[in-house]
Amino acid sequence: MTMNLDALYPPIEPYETGELLVGDGHRMYWESSGNPEGKPVVFLHGGPGSGTSAWQRRFFDPEVYRIVLLDQRGCGRSTPHASAPDADLRFITTAHLIADIELLRRNLGIEQWQVFGGSWGSALALAYAQAHPDAVSELILRGIFTLRREELEWFYEGGAAALFPDLWEEFLAPVPVLERSRMIEAYHRRLCDPDPAVHEPAALAWSRWEASTVTLRPDAAQIAAMSDPRTATAFARIENHFFVHRGWWSEGQLIAGVGGIRHIPTVIVQGRHDVCTPMMTAWDLHRAWPEAEFVVVDDAGHSATEPGIQRALRAATDRFAR
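A short tour of the structure in this document, coming up.

On to the overall build of the protein chain. Of regular secondary structure, the protein chain possesses 11 helices and 8 strands. Expressed along its principal axes, the backbone C-alpha trace of the protein chain runs to roughly 55 × 40 × 40 Å. For the protein chain, with 322 residues in total, the buried portion stands at 57%. If you take every contact in the protein chain between residues at least 6 apart in sequence, the share linking residues at least 24 apart comes to 74%. For the protein chain, the exposed area adds up to about 13,000 Å²; of that, 52% sits on carbon and sulfur atoms. Charged side chains in the protein chain number 29 positive and 42 negative. The centres of these two groups are separated by 2 Å.

And the structure:
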């Protein structure tokens, strides 16, 4: 994938990689890069189900930070992969992911780490911090997403169609007319089908809808990357699985729970024109958590690939590095 990453640090390679046995037959890929003696930070990717990429190491000063990336259960380089026709997602839940992150922290001998998460990663970061506040030195959150009903209905049940009616038609296409009043559930039935002739077209339509709308202007490389059937199937299946279950949270739980973590230094970065996770959620979090620094990027949508978002995130990691 080619993208403009001028605002970030130069590319680096990991000095250590591994697979952590996390239980239930799952192995979680992880890697460390930067300074082995540096300030620990863990990067929580979005989706859920997207996996990590090499460019995501570049948000952090490699001379200052010990940079830990991980692929959450079922995606990226973790196994078993959710693209398998008979994939079993029973042991891929928010509680499992939180436990996996904590197990990795202890296995790496890290007492406290900065937690950096965008989109679904912001939800997982909030949930992890609320479960293990003593393990978190700082939080950097981007494109705030908490899986409330209004957030999911906006993007997957027709709200965002007001801005992208052409792309919405492509998202509707795999679903018969009589099922279109509940798109997340209709997709769930197709994505869970073991027949690739059923789940692959649904996965590609689901993934392309998101890839086509996450940036302020269309990013052909991002859309192409999400058009790979294996990547798209794992991404769509895991994401939809979490949405059907609303993250296994009660409505509004993540924002209601910030009282226990308001002492943690935090930066919230939000694109003004984010269609995927609209600013309403970041604003609600900001109002509940006035101590956190709130940065609105006026010339950006949702993606961390956008220059304004990159600059704001790097400024946050540089600030906490001091």
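Now, onward.
Here helix H8 (residues 229-244) contains 16 residues, and its C-alpha end-to-end distance of 22 Å stays within 8% of the 22 Å for a straight helix at 1.5 Å per residue. Summarising burial for H8: 12 of the 16 residues are buried, a large majority. All buried positions along H8 are accounted for by Ala232, Thr233, Ala234, Phe235, Ala236, Arg237, Ile238, Glu239, Asn240, His241, Phe242 and Phe243. Buried positions along H8 lie against helix H1 (94-107), helix H2 (120-131), helix H3 (149-156), helix H5 (183-191) and helix H6 (196-213). Phi turns positive one or two residues past the end of H8, at arginine 246, with a value near 50 degrees.

The next subject is the state of the cysteines. Enumeration according to the criterion identifies 0 disulfides in this entry. The closest cysteine sulfur to the non-disulfide-bonded cysteine 276 is located on cysteine 75, 16 Å from its own sulfur.

So, on to the packing of H6 against H8. Two elements in contact, H6 and H8, have axes whose closest approach is 8 Å; the angle formed by their N-to-C orientations is 80 degrees. Between H6 and H8, the crossing angle belongs to the class labelled roughly perpendicular. Within the contact between the two elements, H6 uses His199, Glu200, Ala203, Leu204, Trp206, Ser207 and Glu210 and H8 uses Pro229, Ala232, Thr233, Phe235, Ala236, Arg237, Glu239, Asn240 and Phe243. Each residue belonging to the contact of H6 with H8 can be placed in one class, and the counts come to 8 nonpolar, 4 polar and 4 charged.

As a further point, take the packing of H1 against H2. Viewed as axis vectors pointing N to C, H1 and H2 meet at an angle of 70 degrees, and their least axial separation amounts to 10 Å. Looking at the two axes, H1 sits roughly perpendicular to H2. The crossing of H1 and H2 is right-handed. Facing Thr94, Leu97, Ile98, Ile101, Glu102 and Arg105 of H1, the residues of H2 in contact are Trp120, Leu124, Ala127, Tyr128 and Ala131. A per-class count over the contact of H1 with H2 returns 8 nonpolar, 1 polar and 2 charged.

Next up on the list: the environment of arginine 319. Topologically, arginine 319 is positioned in helix H11 (residues 307-321). The exposure class assigned to arginine 319 is partly exposed, which follows from its relative accessible area of 34%. Sequence separation between arginine 319 and valine 267 is 52 residues; the distance between their C-alpha atoms is 10.0 Å. The contact partners of arginine 319, leaving out residues within four places of it in the chain, are Val267 and Glu293.

A word on unusual backbone geometry. Looking along the chain, the bond that leaves glycine 47 and enters proline 48 is cis, with omega of 0 degrees. Here proline 48 is to be found in the loop between strand S3 (39-44) and strand S4 (65-70). Backbone torsion omega between threonine 79 and proline 80 reads -5 degrees, so that peptide bond is classified as cis. Looking at the secondary structure, you find proline 80 in the loop between S4 and H1. Of note, leucine 147 is a non-glycine position whose phi angle comes to about 65 degrees, a positive value. Structurally, leucine 147 can be placed in the loop between strand S6 (136-142) and H3. Positive phi is not limited to glycine here, since arginine 246 has a value of about 50 degrees.

Right, let's get into the pairing of S6. The buried count for S6 comes to 7 of 7 residues, which makes it a mostly enclosed element. The pairing of strand S5 (residues 113-118) with S6 spans 5 bridges and is parallel. Each residue of the ladder has a partner; that of glycine 117, found in S6, is leucine 141. Tracing the backbone out of S5, into H2 and back to the parallel element S6 gives a crossover that is right-handed. Sheet topology places S6 next to strand S7 (residues 266-271); 4 bridges connect them, and they run parallel. Its bridge partner being in S7, isoleucine 140 is matched across the sheet by valine 267.

What counts and what doesn't
Residues numbered from 1 in each chain as written. Predicted model: local features only at pLDDT ≥ 70, side-chain atom pairs only at ≥ 80, totals over all residues. Heavy atoms only, no water. Helix = DSSP H or I, 4+ residues; strand = E, 2+ residues; numbered from the N terminus. Buried < 20%, exposed > 50% of the residue type's maximum accessible area, 1.4 Å probe, protein only. Contact = heavy atoms within 4.5 Å. Areas by Shrake-Rupley, 256 points an atom, 1.4 Å probe, with all protein chains shown as cover. Lys, Arg positive; Asp, Glu negative; His and termini not counted. Charge placed at Lys NZ, Arg CZ, Asp CG, Glu CD. Expected span 1.5 Å × (residues − 1). Disulfide = S-S within 2.5 Å. Axes fitted to C-alpha atoms, helices over the stretch in contact; angles between N-to-C directions. Parallel < 35°, antiparallel > 145°, perpendicular 65-115°, else oblique. Nonpolar A, V, L, I, M, F, W, Y, C, P; charged D, E, K, R; others polar. Left-handed = near helix turned anticlockwise from the far one by under 90°. Pairing = 2+ DSSP bridges. Right-handed = clockwise from strand over helix to strand, strands pointing away.

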